[in-house]
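What follows is each chain in one-letter form.
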Amino acid sequence: MKIHVFGTCAGTEPMPNRKHVSFAIERDNKIYWFDAGEGCSYTAHLMGVDLLSIKSIFISHPHMDHIGGLGNLLWNIRKIDGMTGRELEGKQIEVYMPNMDSWDGLMKLLKNTEGGFKCSFDIKANRIEDGIIYDRDGFKVSTIHNLHMQKTEDDRWQSFSFMIEADDKRIVYSGDIKSMDDISSLIDPCDILLVETGHHTVEYVCNYIKDEGKDVKKLAFIHNGRAIMDDVEGELKKAKSIFGEDVIITEDGMTIEI
């Protein structure tokens, strides 16, 4: 498996060399996509990631820095599918997201684009709830809600964290969280923890893992806030002094071997 990183920035104004958060896991020539910040499909395509291999797209919550590139991602899949002779004809891409109002709005926008956004393939939207939401071909995704956002008016959670299990590996993606307590039950054990620093410091994250005795083998910071963007080397050194050497501060366009 590989993790391809397309965007690593928190919800700031545009920053040099960093787009909003997005990454995908590649396994057995299939792509499983997580969050879709601005320009994610642009970066992925130029990295050589095959957008036509996407099986499912998982959105942690409906804030713009996590969903702002979703429409363009779907549009680019349609564009490339048409250019390659409709390779996806008769197939289905599934999108998982917590707030279906966002999905309905996105579909209205896309249907006003070229050709009414008519596709040779089907796109199926699913609402995320707590529990196992995907379990196929040896790739399982489970979710737990977090407290980053309040519930919707119809009493549904709309911000989630993910645990991905495949090939005897456990990968946890925090999404945006109120505190590390939100993901405490997911991260023990885990092989790689992708955790946001847009709302938290590296000291807080590393000390939590250490003090709580969590079995986290590799720590990768994503959705990075200003402290990291202003001093990557200094923040990495600080994190390693607490957690140990197996820490990564993700960069746009990087690939992590699992």
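Here, every reference points to the structure presented above.
Treat the numbers as computed from the prediction; the structure is a model and nothing was measured.

Conventions adopted
- Residues numbered from 1 in each chain as written.
- Predicted model: local features only at pLDDT ≥ 70, side-chain atom pairs only at ≥ 80, totals over all residues.
- Heavy atoms only, no water.
- Pairing = 2+ DSSP bridges.
- Helix = DSSP H or I, 4+ residues; strand = E, 2+ residues; numbered from the N terminus.
- Axes fitted to C-alpha atoms, helices over the stretch in contact; angles between N-to-C directions.
- Contact = heavy atoms within 4.5 Å.
- Core = buried A, V, L, I, M, F, W, Y, C linked by side-chain atoms within 4.5 Å.
- Buried < 20%, exposed > 50% of the residue type's maximum accessible area, 1.4 Å probe, protein only.
- Salt bridge = Lys/Arg side-chain N within 4 Å of Asp/Glu carboxyl O.
- Right-handed = clockwise from strand over helix to strand, strands pointing away.

Draft legend 1. Molecular detail of the sheet that holds strand β8 (residues 139-145). Judged by pairing direction, the sheet is mixed, and its seven strands sit side by side in the order β7-β8-β9-β10-β11-β12-β13 without closing on themselves. The open sheet has two free edges, formed respectively by β7 (131-136) and β13 (247-249), since each of these has just one partner strand. Neighbour to neighbour, the strand axes of the sheet diverge by 15° on average, direction disregarded. Pairing of β7 with β8 involves five bridges; the strand directions are antiparallel. Looking at β8, one finds that Ile-132 is bridged to Ser-142. Most of the contacts of helix α5 (residues 202-211) go to strand β12 (residues 216-222), to which it runs at about 165°, and overall it touches β11 (190-196) and β12.

Draft legend 2. Spatial organisation of the nonpolar core. Judged by nonpolar contacts, the single largest core of 32 residues is most densely connected at Trp-33, Ile-57, Leu-70, Leu-74, Ile-77 and Trp-103. Within the residue set of this core, elements represented by two or more residues are β3 (30-34), α1 (40-47), β4 (54-58), α3 (70-83), β5 (92-97) and α4 (100-110). With six residues, α3 is the single largest residue contributor to this core. Counting 27 residues, the second largest nonpolar core, distinct from the first, contains Met-1, Val-21, Ile-164 and Ile-192.

Draft legend 3. Representation of the pattern of salt bridges within the structure. One pass over the structure, following the stated rule, counts 15 salt bridges. Among the ionic pairs, Arg-156 bridges to Asp-154, the shortest N-O distance being 3.5 Å. The salt bridge involving Glu-165 is made with Arg-170; its shortest N-O contact spans 3.5 Å.

Draft legend 4. Here's a closer look at the pairing of β3. Burial of β3 is extensive: four of the five residues sit out of reach of the surface. Pairing between β3 and β4: four bridges, direction parallel. Within the sheet, the bridge partner assigned to Trp-33 lies in β4 and is Ile-57. This β-α-β element, β3 to α1 to β4, shows right-handed connectivity.

Draft legend 5. Representation of unusual backbone geometry. Residues Asp-188 and Pro-189 are joined by a peptide bond in cis, for which omega reads 0°. Along the chain, the position of Pro-189 falls in the loop between β10 (169-173) and β11. Unlike most non-glycine residues, Asp-137 shows phi in positive territory, near 50°. Mapped onto the fold, Asp-137 is located in the loop between β7 and β8. With phi around 65°, Asp-155 is a residue other than glycine that occupies positive phi space. On the accessibility criterion, Asp-155 (53% relative accessible area) is exposed.

Spatial relationships are all this shows, so hold off on functional conclusions.
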